[in-house]
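A closer look at the structure
Given next are the chains, with one letter for each unit.
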Amino acid sequence: MYLDEILEHNKQFVEAKHYEPHQTSKLPNQKSVILTCMDTRLIELLPAAMNIKNGDVKMIKNAGGVITGPYDSVVRSLLIAINVLQAEEVLIIGHKDCGMQKLDPSFVMEQMSQRQVENKDFQAVADAGIDIKEWLAGFETVEQSVESSVDILKKHPLMPAHIPVHGLVISPETGELSLVARGYGE
Ligand SMILES: [Zn+2]
């Protein structure tokens, strides 16, 4: 299992004190918080392309780098970054060639069925008041998705007006950033 490889490496990592170059405080040096996608190509490319080092920023990741609703867990994390961890600027960064673009919820449900999820299980989700197709749905274009996330945050009653919320799109190949929306704050 991959877990065993990790644990083996980790023992050596700690013993050899390879953590030392990474040591820093929990407050972000750059006083900002980033929301982006969990895409594997961005793990090292995004920080490198933005000159972000360990300790510089708070980073939140999910599938697509999206805010799905004003009270989802991303918004909660953003508000904690701002109110408790001194973040003063928000960057929402989608990317080209994202797996969430035009993701078909029916496809995801078929995959779930192949992994022993049954109709009664889908029914339990519906009974809990969740529209599963809406819940699993991807987005049309990355620019629209970024704009929608920025919009949810800017209209949020708990979001401080002076915090700028920027929207960007990054290339997963070159790391090039394009600005979708520049936030000014008030
Ligand atoms: Zn993605």
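Residues numbered from 1 in each chain as written. Predicted model: local features only at pLDDT ≥ 70, side-chain atom pairs only at ≥ 80, totals over all residues. Heavy atoms only, no water.

1. Some thoughts on the overall build of the chain
On a plain count of helices and strands, the chain comes out with seven helices and five strands. The N-to-C order of helical and strand elements in the chain reads α-β-α-β-α-β-α-α-α-α-β-β. Each of the 186 residues in the chain was classed as buried or not, and the buried ones make up 37%. Here the analysis covers contacts within the chain between residues at least 6 apart in sequence; of these, 73% occur between residues at least 24 apart. Accessible area for the chain stands at about 11,900 Å²; split by element, carbon and sulfur atoms hold 53% of it. A distance of 5 Å separates the average location of the 17 positive side-chain charges in the chain from that of its 26 negative side-chain charges. (Helix = DSSP H or I, 4+ residues; strand = E, 2+ residues; numbered from the N terminus. Buried < 20%, exposed > 50% of the residue type's maximum accessible area, 1.4 Å probe, protein only. Contact = heavy atoms within 4.5 Å. Areas by Shrake-Rupley, 256 points an atom, 1.4 Å probe, with all protein chains shown as cover. Lys, Arg positive; Asp, Glu negative; His and termini not counted. Charge placed at Lys NZ, Arg CZ, Asp CG, Glu CD.)

2. Let's talk about the UniProt feature "binding site: Zn(2+)" (unreviewed entry) in the chain
Within the UniProt annotation, "binding site: Zn(2+)" (unreviewed entry) is assigned to Cys37, Asp39, His95 and Cys98. Maximum C-alpha separation among the annotated residues is 8.8 Å over a sequence range of 62 residues, consistent with a single clustered spot. Topologically, Asp39 is positioned in the loop between strand 1 (33-37) and helix 2 (42-50). On the basis of relative accessibility, which here comes to 14%, the residue Asp39 falls in the buried class. A polar contact of 2.7 Å, which involves the side chain of Asp39, links it to the backbone nitrogen of Arg41. Relative to the helices and strands, Cys98 is located in the loop between strand 3 (90-95) and helix 4 (105-114). Not counting the four nearest positions on each side in its chain, Cys98 is found in contact with Cys37, Gly64 and Phe139. (UniProt positions renumbered as here; feature names shortened; annotations may be inferred. Polar contact = N/O pair within 3.5 Å; in protein donor to acceptor, adjacent residues only side chain to side chain.)

3. Looking at the coordination of the zinc ion
Taken together, the protein ligands of the zinc ion are Cys37 (SG), His95 (NE2) and Cys98 (SG), with distances of 2.0 to 2.2 Å. Classification of Cys37 as buried rests on a relative accessible area of 4%. Owing to a relative accessible area of 0%, His95 belongs among the buried residues under this scheme. (Donors = N, O, S within 2.8 Å, 3.2 Å for Na, K, Ca; no water.)

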